[in-house]
Amino acid sequence: MEMTGEYRIEASRQKVWDALNDPEILKQSIPGCEEIERISDTELAAKVVAKVGPVKAKFSGQVTISDLDPPNSYRISGEGKGGAAGFAKGGANISLKSDGEATILSYEVDATVGGKLAQLGARLIDGTAKKMAGDFFKNFAEVVTEDADLYSAEKLNEVDTNEINHGINTSTRSKISISSWIIGLILAAAVILAIIVY
Amino acid sequence: MPTVSMTVNGENVSSEVEPRTLLVQYLRENLGLTGTHVGCDTSQCGACVVHVNGKSAKSCTMLAVQAEGSEVSTIEGLADGDTLHPMQEAFRENHGLQCGFCTPGMVMSAIDLVQTNSNPSEQDVREWLEGNLCRCTGYHNIVKSILAGAKTMQG
Amino acid sequence: MTETNIGAPVKRVEDKRFLTGRGRYTDDLNQPNQLYASILRSPHAHANLKKVDVSQAKAAPGVIDIFTGSDMAADEVGSLPCGWQIHSKDGSPMNEPGHPPMAVSKVRHVGDQVAIVIAETKSQARDAMEQIAVDYEVLPAAVNMDEALSGKALVHDDVPNNMCFDWEIGDKEATENSFSDAHKVVSIELINNRLIPNAMEPRAAVAQFDPSSGNYTLHTTTQNPHVIRLLMGAFVLQIPEHKLRIISHDVGGGFGSKIFHYAEEAILTWASAKVSQPIKWTAERSESFVTDAHGRDHETKADLALDKDGKFLGLRVSTKANIGAYLSTFGSSVPTYLYGTLLAGVYKTPAIYCEVKTVFTNTVPVDAYRGAGRPECTYLLERLVDKAAKETGIDPVEIRRINMIQPDQFPYQTPVALQYDVGDYPKAFETALKASDYEGFSSRREKSEGNGKKRGIGISTYIEACGIAPSAVAGALGARAGLYESAQVRVHPTGSVTLYTGTHNHGQGHETTFAQIVSDTLGIAFDQVEVSHGDTGEVQFGMGTYGSRSLAVGGPAVLKACNKIIDKAKKIAAHILEASEADIDFKDGVFSVSGTDRELAFGEVSLAAYVPHNYPIEELEPGLDENAFYDPLNFSFPAGCHICEVEIDPETGEVEVTDFTAVDDIGRVINPMIVEGQVQGGVAQGIGQALMEGCVYDKEGQLLTGSYMDYTMPRADNLPNLNVSTESVLGASNPLEVKGVGEVGSIGAPPAVINAILDALSSLGVEDISMPASPSKVWQAIHNA
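The rules we used
Residues numbered from 1 in each chain as written. Chains lettered and ligands numbered in written order. Predicted model: local features only at pLDDT ≥ 70, side-chain atom pairs only at ≥ 80, totals over all residues. Heavy atoms only, no water. Contact = heavy atoms within 4.5 Å. Buried area = accessible area lost by both parts, 1.4 Å probe. Salt bridge = Lys/Arg side-chain N within 4 Å of Asp/Glu carboxyl O. Polar contact = N/O pair within 3.5 Å; in protein donor to acceptor, adjacent residues only side chain to side chain. Helix = DSSP H or I, 4+ residues; strand = E, 2+ residues; numbered from the N terminus. Nonpolar A, V, L, I, M, F, W, Y, C, P; charged D, E, K, R; others polar. Buried < 20%, exposed > 50% of the residue type's maximum accessible area, 1.4 Å probe, protein only. Pairing = 2+ DSSP bridges. Axes fitted to C-alpha atoms, helices over the stretch in contact; angles between N-to-C directions.

## A word on the interface of chain A and chain C
And step 1. Across the boundary between the two partners, chain A contributes 20 residues, which contact 21 residues of chain C.
And step 2. Of the roughly 1,500 Å² buried where chain A meets chain C, counting both sides, 52% is carbon and sulfur surface.
And step 3. Here chain A is connected to chain C by zero salt bridges.
And step 4. Applying the counting criterion to the chain A and chain C interface returns four residue pairs in polar contact (both at pLDDT 80 or more).
And step 5. Secondary structure elements with two or more residues in the side of chain A that touches chain C: β6 (87-99), β7 (102-114) and α3 (116-145) of chain A.
And step 6. Among the elements that take part in the side of chain A that touches chain C, α3(A) stands out by supplying six residues, more than any other.
And step 7. Grouping the constituent residues of the side of chain A that touches chain C by class yields nine nonpolar, seven polar and four charged.

What follows is the structure, given as structure tokens:
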């Protein structure tokens, strides 16, 4: 799966860059995130549990940041292993460009899923990932330009089970960052997988 | 583990089950009613169709605990001693089965159709069977069986 | 003819247990102290297995043990064997890389076995499986055939360019010459879409080892238990056959996919001795999609040379066949001797040459699926004939008529090895034209046009070589097994009979048709015959059921055993009736002395055989129990004509099959009700291939059509009523005069459907469409034309 897009964010390039690199935001942002560990300056490991009704699946994900050119661009890539469930991996090239006071964020995403995830969920994941990417960048733009109060715990864990039950996970209303988008993809995969497989 | 109680083919049953136990697992593994089959894991094939409170339901799509207090009937409960239910008899008469794997689901589904629509047309039958897969018969004789079974059930 | 004799539409005896939920499918069976297995499978199409860490999973609740490919390798477990050796053009044997039941150093397709978890409950096994940590080094995958042939990614390191073999059949020079003489050459390129068989019962196995006797018992969903015993016992696990029993009671459909010796059978049997407890494994449908052998998957270019009158002069075929990641049990025979040898079809084409490159890819192994090679051949031929009709301006009916082999030309030697024994192709053809009201098509088309629809009619003829096979012929062509069949007729003292057949019933109704043969031949009541199959502990031997062989090869074995019973019984009757054996007549179950009223009923003779008080004991053993092996003299050759009519909505591209007519010559019909059912089922699978079914891998080798949400199975509302009949010429290659019926539908139907679609769309300029002709594809074709 491949997709590209652009967002205009009403904040300076440096501010956007900083926000993109804040792992603490990630942890709070990802529903079901059990832990995020910074392995090195460019590597993060995360464990995400997706739980829908009686169904639970745990995904462990690794995210690597590369091709760093602050505050212009970087590549983020990640892989989530769901054991017997399969895997999801992907990457995004992110670049920031000043546009007066604002910043234009462009992204090119490529992602693949494998094993049962691909077998059962590939076509759902496509749509989900697109929706999530859209939601993410929309939210991200809001976060960067709005009040930090938005990071309230209740809101972060809000999950709309109706939508999940339809296989479209729009639960990432919480404010997440680029890195967490990859983890979000993995999470979406886990949720979809959980619904379909079990 | 929660306890689940229901009536299956007219008998009261009650067991402790893991909450994640599906109704079909409960029927097959706990009660030994292996006439209800599992043909897929995405609720598409209909081999597991049983009746819950008189309506057809895919027992792979329900948890056992969701059937708490229900009246469940399975293929094993249809015949009266040696006398087949008219729908079973119609399948036998019209060669409506080959390998027999989808058959219990087909028969249970067909009975629900006739209970809902006592005089179905061929098209009604074909559309009703949307949720039941058969790989052997090409459906020709299944449709014929159900139309014949519907007539006998009426008569 | 009585109501149960040969030729009568006897209701099936097996139905009652299926209709009351009392079938004995493998997953219905449980053994005391049974454990459950889950199998961890590769999520990658191609990867080195760097480390499989089972330590955490082993500690999970309920886990008894976990094994990997290395554990099996340490026990010197063998490779899953291939039963047919093909030689390439240059005489070299096919590349036959190892096929370990569980991957040892490398996984080669999504779904390849990595580890088996054995636990007390099914959920514990599955939960623990999640905790196995596998370190894969992902490698580039060879997914499509061209990519594979480029050799950039090697599925097996020792197979250059992933070429399993490069085979040929026919006279290349004569064929080339026919093209130089041609008035017209018609060419076609097409794909025979990859299919997933999808028998409704997922595969399952229950393996049991008895430490006190050292005996193994494996219940498994197979079409041929004795073959599994031979392959698994002799080649994989080195268990002598007398210590290994394979049982396959009721099997929920096979269609070829349950012929093969699958890895799970060997893994479970081996593991059951390791843990000394019975183990059960049942595939989830998701596992079936990535482990049951797939079918078809050919890419073909072909040219037909014609003279100025439209007579076929020569046929040249070049095919690439995908064999998947490993050689499955009969994978190599399908794109070769079950394909190239049928390219004459029912036509008099004098020169034929065919070459087939068979290619390993990082996909599920490809093997026989209902029809196996013959649908691929028929699709190619009948598409090409229709194209020739169009390009020469000769009517599709007429071009077939002028090229068809005539009834007085039998036995007919084709240029591709086979000799057709008997047939009347024009008869089935003309009957089908009448039955489909071919003449009246134009008025139906007009009516459809009036409703804004496009209507088309398509014809396909076909020939099939089945009743596989004379062992000597098969052996000369590379088969590593004999292909005879066996039967045992055990007459009990009071005259009832148990028939043991080496064929396997998984929906075909053998328990009924074989009982008809016995009852008719021995003149005893139908309900006095019981048919037993599917247990190597009961049945002396068998080669199983595939290739429409059960009746054509297994049937004569039954007949032969019955005749041995009659011969012996005549001797007994002669003794008791104090007559010479030559004077004993046998008719309708009664032995009589010719020209007298002295007679004995069948039951009286059988009783005398077991209570031999008045018995020719000096020359005859007591008892009445005979076995027979039958090896046929030739293949049998069912043939026929299928005609399909479609109506297409040009706005949506949706194709409705409005009518389907099949007229088949299948030789003698034992039970017409069952015959019709077999044809209907086959036709439905053929229509499925033409319109709906298609297996799709992405470029990384992930299966995208991996569930019933994405792999479209024909449903009741996709199909019409099917107009099925027979126009039989009795078979000449076996004493039952039968030919075989199981595969005819899936062979004849696909080209009839596609030819009908192309006929419907030809006025819009559409010249080609590939299978499956889904609405989107049809719509695209209309808009691109």
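On we go from here.
## A few points about the pattern of salt bridges
And step 1. Applying the stated criterion across every chain, the model contains 63 salt bridges over all chains.
And step 2. Between A:Asp99 and A:Arg8 there is a salt bridge, and its shortest N-O distance comes to 2.3 Å. Within this pair, whereas A:Asp99 is found in strand β6, its partner A:Arg8 is found in strand β1 (residues 2-9), the two being separated by 91 residues in sequence.
And step 3. The partly exposed category is assigned to A:Asp99, whose relative accessible area is 34%.
And step 4. Among the residues examined, A:Arg8 registers a relative accessible area of 43% and is labelled partly exposed.
And step 5. One salt-bridge network, in which partners are shared between bridges, spans C:Asp437, C:Arg444, C:Lys453, C:Arg455, C:Glu645, C:Glu647 and C:Asp659.

## Focus on the interface of chain B and chain C
And step 1. With 48 residues of chain B at the contact, the number on the chain C side is 52 residues.
And step 2. Between chain B and chain C lies a buried interface of about 4,300 Å² when both sides are counted; carbon and sulfur atoms form 52% of it.
And step 3. Interface area lost by chain B to chain C is led by B:His95, B:Leu133 and B:Arg135, which between them contribute 19%.
And step 4. Put simply, chain B and chain C have six salt bridges between them.
And step 5. Linking B:Arg28 and C:Asp27 is a salt bridge whose minimum nitrogen-to-oxygen distance equals 2.8 Å.
And step 6. Our count for the contact surface shared by chain B and chain C stands at 31 residue pairs in polar contact (both at pLDDT 80 or more).
And step 7. Those elements giving two or more residues to the side of chain B that touches chain C turn out to be α1 (23-30), α2 (86-93), α3 (103-116), α4 (122-128) and α5 (140-154) of chain B.
And step 8. Tallying contributions element by element places α2(B) first for the side of chain B that touches chain C, with four residues.
And step 9. Taken together, the residues of the side of chain B that touches chain C break down into 17 nonpolar, 17 polar and 14 charged.

## Topic: the sheet that holds strand β13 (residues 298-306) of chain C
Residues and elements named next belong to chain C.
And step 1. The strand order across the open sheet formed by five strands is β7-β15-β14-β13-β8, and the pairing between neighbours is mixed. Each having just a single partner strand, β7 (163-170) and β8 (184-192) make up the two edges of the open sheet. The sheet shows a mean angle of 10° between the axes of neighbouring strands, taken without regard to direction.
And step 2. Pairing between β8 and β13: nine bridges, direction antiparallel. Bridge pairing in β13 places Asn 192 opposite His 298.
And step 3. This element, helix α6 (residues 172-180), spans β7, β8, β13, β14 (312-324) and β15 (351-360) of the sheet and lies at about 125° to β14.

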